[in-house]
Amino acid sequence: MKITHPSGESYDLFPETQIELTRFNPFFNDLGEQSVPITIPATSKNLKLLNYPNRGDGSDKITRRLNVQLQEGAFSIVGRQAILSASSKDNIETSFYLNEGAFYEKIKDVSLKEIFEGKSIVFSSMDQTIDFMRSLITASDHRFACFQVATDNYILNEMKFSTTLNKYDFKKNVDTIEIIDGNKINVPRGFYITPFPKFKHVLQEVLLYFGYTLNPSFLDDEPFSTMSLLNDNIDTIVNNRIDYVDIIPNIMVSSFFDLIRKFNMEIVPDEIHKTVDIIHFDEQINQPISVDLSNNITSPLRFDYTDEYKQVKLSSEILPAPKEVHGFSSLFGDPWVLYPYQIQERLPISMLAVNFPTAYIRPADGSIVRQGVFGDKITYEVVGYLSNSYYDGGVITADDKTFPDIIPDVITYWITYPYVGPGRALHSTIIMSDESEEQSSNAGELKPMLCFSYYDNYYTYNIGTLSNYDWTGLRLWDYSLFYNGADGIFERFWRSRDTLMRNALVNMNADLQLSEDQKLSLTTLRRVLVDNQPYLISELKYVPGLKDPQNCSFLTTNLQKPISNARTESDYFPDRPYEWELKTQRSNTTAKHFIYKTSRTTFYPPHPTAAQYSAGGRYFERVYEVEYGHYDINQKFIKESDGTLTVWLEAVLN
């Protein structure tokens, strides 16, 4: 075994030094390829190469991580060395990381803030700054997106039609006066305008920081090429600059990569070419068998049934919208303003389907609603959203996969306004008009929020959305950012894996003897054949230069009966070919108004059946005692007569 230091010199090693390595499948393990720790002698040469890690009087920091080359005969690979401990009288303990392991080790304990600190786009004036932001209203930019979003008190990037420009422009392109709690506040132009960095752009910058480039991926295609990271900054551009640290989530790089894993993807580095691929789980299942390892197996196959079959559960934190937003205050009472309903516990839709058997999905806003009857009115109660956690329920154990992002609620007024938070001021404070009070704006931690956007031909600007339908109901893409639904994250990215978890992925262990070439080239991202059966490699153990077999772990991929499958959207909420139409009959047909004398309760009828539609007639008929009359000029009800109001439902085509 030969281990070469970055200087080009080789370490002194003990005779017969060997390194036991394990290559993990990244979809089933959090660990990258790495070695069992080994010891090397604390010789003068080794101590010098490592800058004397055995001494406490050194003036320079010890380089704890180094890029090295491991070589044993035909086996040669670049890896990353970690110095664990050192003693001048004893030995130096060290371990090695290869491929994904080397990559994971590099990003360990590095934050996005550290990467983007000092990275800015600087403009010469506010005119130039707003001109740049204005270009994002309609154009596609590989770095940033810009569309309207809602905070507690404002609409950020709010649009207005400019007769001067003959197109839409920012409402805050001019100085304005705002009134908050009765106080006048002078707001300079440029406030309440903020860009949203594109996810792919941020990822490319992160990889570049570590010396990698991104190969073509799903992020190149719509809608993921438009996917951006939201923020609620009210003063991003007030200093004529865009500082990346202001608009990048305050998370670690490892958490940022977890956002990719939300789509059942893994980042796979190529340490030789310094490139990165984004691989979807299904690729390793759908590609042809890579190699037949039957002749490499030297022991009986051992199947372990101690682990249970499982199913996927997907969840993220929800950012609920408030009951009111100041920017929409003039629109209250308008039926086109749709606020997300305040639901304390956002249950998976599998539980909603059980608790609310008459609920159905409203595609326009991703709401799950049920139709009720309250007296002479049809009511609609929102019981959940497609953005709720995904979980099919039942007796199969859940493998809970929780991701670090926050899913924003969406407010609808014709178009959609993602709700991004209370609003953060990073470069300013608010002084009330009487100067008796100084109010510092909150600059809370920015967490990752993902959002798509599309250019709307009617409004001629970009609109943010989590859905794959535009505000008119036109289907845009085959993907949404909701966990649930026919085009949701589970259906589009996780169903195949969930099916394997429910019916396969039984652990199999066997001793495997590999050639030196196989030790280098055998990937865990392709199925292999053993005794004419396909398996995924979970853990591949080997020792360079050693011919002895090593115990390795595999996962079965053949589905075992009885086959279990997650329910589909139509299983939760069946199609509704018929719906109820409310009919009423008054005993007094001349009076303009009536008031109820008897109490009313909302009831939720089951969906009409084909038989009820064919037969026709009245269903769920109720008779209410009422007083008929009119309202005088003072809006006082003047009774004219007693009477009844008869209410019933008739089945009609949906």
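In the block above lies the structure referred to throughout.
All of these numbers come straight from a predicted model, not from anything done at the bench.

**Comments concerning helix α5 (residues 199-209)**
Point 1. For α5, the full list of buried residues reads Phe-199, His-201, Val-202, Leu-203, Val-206 and Leu-207.
Point 2. Among the residues trailing α5, Gly-211 stands out with phi positive, at a value near 90 degrees.

**Examining the sheet that holds strand β29 (residues 390-391)**
Point 1. Taken together, 3 strands build an open sheet; the order of strands is β29-β24-β30 and the sheet is mixed. Every interior strand has two partners, whereas the edge strands, β29 and β30 (397-408), have only one.
Point 2. Pairing of strand β24 (residues 310-319) with β29 involves 2 bridges; the strand directions are antiparallel. Looking across to β29, one finds that Lys-313 is bridged to Tyr-391.
Point 3. Sheet strands in contact with helix α10 (residues 489-503) are β24, β29 and β30, and its direction is about 145 degrees off that of β24.

**Notes on the packing of aromatic side chains**
Point 1. Tallied over the entire structure, the rule returns 46 aromatic pairs.
Point 2. For the ring pair Phe-161 and Tyr-168, a centre distance of 5.4 Å and an interplane angle of 85 degrees mean the geometry is edge-to-face.
Point 3. In this structure Phe-161 comes out as partly exposed when scored by relative accessible area, which is 45%.
Point 4. Centroid distance Trp-580 to Phe-620: 5.6 Å. Interplanar angle 90 degrees. Geometry classified as edge-to-face. You can see Trp-580 sitting in strand β41 (residues 578-586) and its partner Phe-620 sitting in strand β43 (residues 619-631), a full 40 residues away along the chain.
Point 5. Here a set of aromatic residues connected by ring pairs shows up, and it is made of Phe-218, Phe-224, Phe-263, Phe-452, Tyr-454, Trp-477, Tyr-479 and Phe-493.
Point 6. We note Arg-370 situated over the ring of Tyr-604; from NZ or CZ to the ring centre the distance is 3.5 Å.
Point 7. The aromatic ring of Phe-28 is capped on one face by Arg-497, whose charged end is 5.5 Å from the ring centroid.

Analysis parameters
- Residues numbered from 1 in each chain as written.
- Predicted model: local features only at pLDDT ≥ 70, side-chain atom pairs only at ≥ 80, totals over all residues.
- Heavy atoms only, no water.
- Buried < 20%, exposed > 50% of the residue type's maximum accessible area, 1.4 Å probe, protein only.
- Helix = DSSP H or I, 4+ residues; strand = E, 2+ residues; numbered from the N terminus.
- Pairing = 2+ DSSP bridges.
- Contact = heavy atoms within 4.5 Å.
- Axes fitted to C-alpha atoms, helices over the stretch in contact; angles between N-to-C directions.
- Phe/Tyr/Trp six-rings, centres within 6.5 Å; stacked < 30°, edge-to-face > 60°.
- Lys NZ or Arg CZ within 6 Å of the ring centre and 35° of its normal.

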